[in-house]
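The lines below spell out each chain.
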Amino acid sequence: MSSDKPLRILIVEDEILIALELESLLQDLGHEVVGIAASSGDALALGEELAPDLAFVDIHLADGPTGVDVARHLAAEHQVTVLFMTANAKRIPEDFAGAWGVIAKPYTERGVREALAYVMAEQDHEALEIRSVTFIPFVRAARRDSSQLT
């Protein structure tokens, strides 16, 4: 991903106030939010239709804990970069479902900024100094290995 152009971002979050707040933050940071989905079905349809660069995906959606499946599908089928947003990181599978990292909820502006910097820099987690626990990048090699499993 090029760091000189705004990202096209899909927000997959069933709590509308959180989704709208995140949308506002991302727009303030110069990015384009192309859609908001509250369920796995909506997320998959918007992912295919809108071809976002990045998706922020909550693990537990309106139709249950389906965010992991959404992440796996968006990453594998549409080459969308995925970042999880969750208060329960224990639900993230060992293969990370194709995601690049996780932002702890409740998220902070700093955590979102760090996640965006990580994604836009396309760096390995060792090369990026993360000094907070609001964003945790996943090991790049593990992401590559998990994408070969699907």
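Calculation criteria
- Residues numbered from 1 in each chain as written.
- Predicted model: local features only at pLDDT ≥ 70, side-chain atom pairs only at ≥ 80, totals over all residues.
- Heavy atoms only, no water.
- Buried < 20%, exposed > 50% of the residue type's maximum accessible area, 1.4 Å probe, protein only.
- Helix = DSSP H or I, 4+ residues; strand = E, 2+ residues; numbered from the N terminus.
- Pairing = 2+ DSSP bridges.
- Right-handed = clockwise from strand over helix to strand, strands pointing away.
- Salt bridge = Lys/Arg side-chain N within 4 Å of Asp/Glu carboxyl O.
- pLDDT = per-residue confidence, 0-100.
- Contact = heavy atoms within 4.5 Å.
- Axes fitted to C-alpha atoms, helices over the stretch in contact; angles between N-to-C directions.
- Parallel < 35°, antiparallel > 145°, perpendicular 65-115°, else oblique.
- Left-handed = near helix turned anticlockwise from the far one by under 90°.
- Nonpolar A, V, L, I, M, F, W, Y, C, P; charged D, E, K, R; others polar.
- Core = buried A, V, L, I, M, F, W, Y, C linked by side-chain atoms within 4.5 Å.

Observations regarding the pairing of strand β1 (residues 8-12)
Then, in step 1: Counting buried positions over the 5 residues of β1 gives 4, a clear majority of the element.
Then, in step 2: Taken together, the 5 bridges between β1 and strand β2 (residues 32-37) define a ladder with parallel strand orientation. Each residue of the ladder has a partner; that of Ile11, found in β2, is Ile36.
Then, in step 3: Where the polypeptide runs from β1 across helix α1 (residues 16-28) and back to β2, its parallel neighbour, the crossover connection is right-handed.
Then, in step 4: Of the pairings in the sheet, the one linking β1 to strand β3 (residues 54-58) comprises 4 bridges and is parallel in character. Within β3, the position partnered with Val12 by the bridge is Val57.

Some points on the pattern of salt bridges
Then, in step 1: Counted according to the given criterion, the structure contains 7 salt bridges.
Then, in step 2: Notably, a salt bridge pairs Asp95 with Arg72, separated by 2.7 Å at the nearest N-O pair. Here the residue Asp95 occupies a position in the loop between β4 (81-86) and β5 (101-104), and Arg72 occupies one in helix α3 (residues 67-78), the gap between them amounting to 23 residues.
Then, in step 3: Residue Arg72 is classed as partly exposed on the basis of its relative accessible area, which comes to 25%.
Then, in step 4: Salt bridges sharing partners connect three or more residues here, namely Glu13, Asp58 and Lys105.

Here's the deal with the confidence of the model for the protein
Then, in step 1: In the predicted model, the protein carries a mean pLDDT of 85, and the fraction of residues at 70 or more is 81%.
Then, in step 2: A low-confidence stretch, residues 123-132 stays under pLDDT 50, and its non-local contacts, those more than four residues away or across chains, total 17 contacts.

A look at unusual backbone geometry
Then, in step 1: The omega torsion of the bond from Lys105 to Pro106 falls at 0 degrees, within 30 degrees of zero and hence cis.
Then, in step 2: Along the chain, Pro106 turns up in the loop between β5 and α4 (109-121).
Then, in step 3: If you check the backbone angles, Gln79 has positive phi at about 55 degrees while not being a glycine.
Then, in step 4: Following the sequence through the fold, Gln79 ends up in the loop between α3 and β4.
Then, in step 5: Here Gln79 falls in the exposed class, since its relative accessible area comes to 59%.
Then, in step 6: Although it is not a glycine, Ala97 sits at a positive phi angle of roughly 55 degrees.
Then, in step 7: Summarising the element assignment, Ala97 is placed in the loop between β4 and β5.

Description of the environment of Ala89
Then, in step 1: The residue Ala89 is located in the loop between β4 and β5 in this model.
Then, in step 2: In this structure, the C-alpha to C-alpha distance between Ala89 and Ile59, residues 30 residues apart in sequence, is 8.8 Å.

Comments concerning the packing of helix α2 (residues 40-50) against α3
Any two packed helices are characterised by how steeply their axes cross, that is the angle between the axes, and by the distance between the axes.
Then, in step 1: At their nearest, the axes of α2 and α3 sit 10 Å apart, and the two run at 15 degrees to each other. Overall, the two elements α2 and α3 adopt an arrangement that is roughly parallel. Viewed along their axes, α2 and α3 form a crossing whose handedness is right-handed. Here Ser40, Ala43, Leu44, Gly47 and Glu48 of α2 come into contact with α3, specifically with Val70, His73, Leu74 and His78.
Then, in step 2: Of the residues contributing to the contact of α2 with α3, the split by class is 4 nonpolar, 4 polar and 1 charged.

Some points on the nonpolar core
Then, in step 1: Ranked by size, the top nonpolar core spans 25 residues in total, and within it Val57, Leu74, Val82, Phe84, Ile92 and Phe138 carry the most contacts.
Then, in step 2: Sorting the residues of this core by element identifies β1, β2, α2, β3, α3 and β4 as the ones contributing at least two each.
Then, in step 3: Of all the elements, α3 adds the most residues to this core, at 5 residues.
Then, in step 4: Contacts of Ile92, omitting those with residues within four sequence positions, involve Ile59, Phe84, Thr86, Val102 and Phe138.

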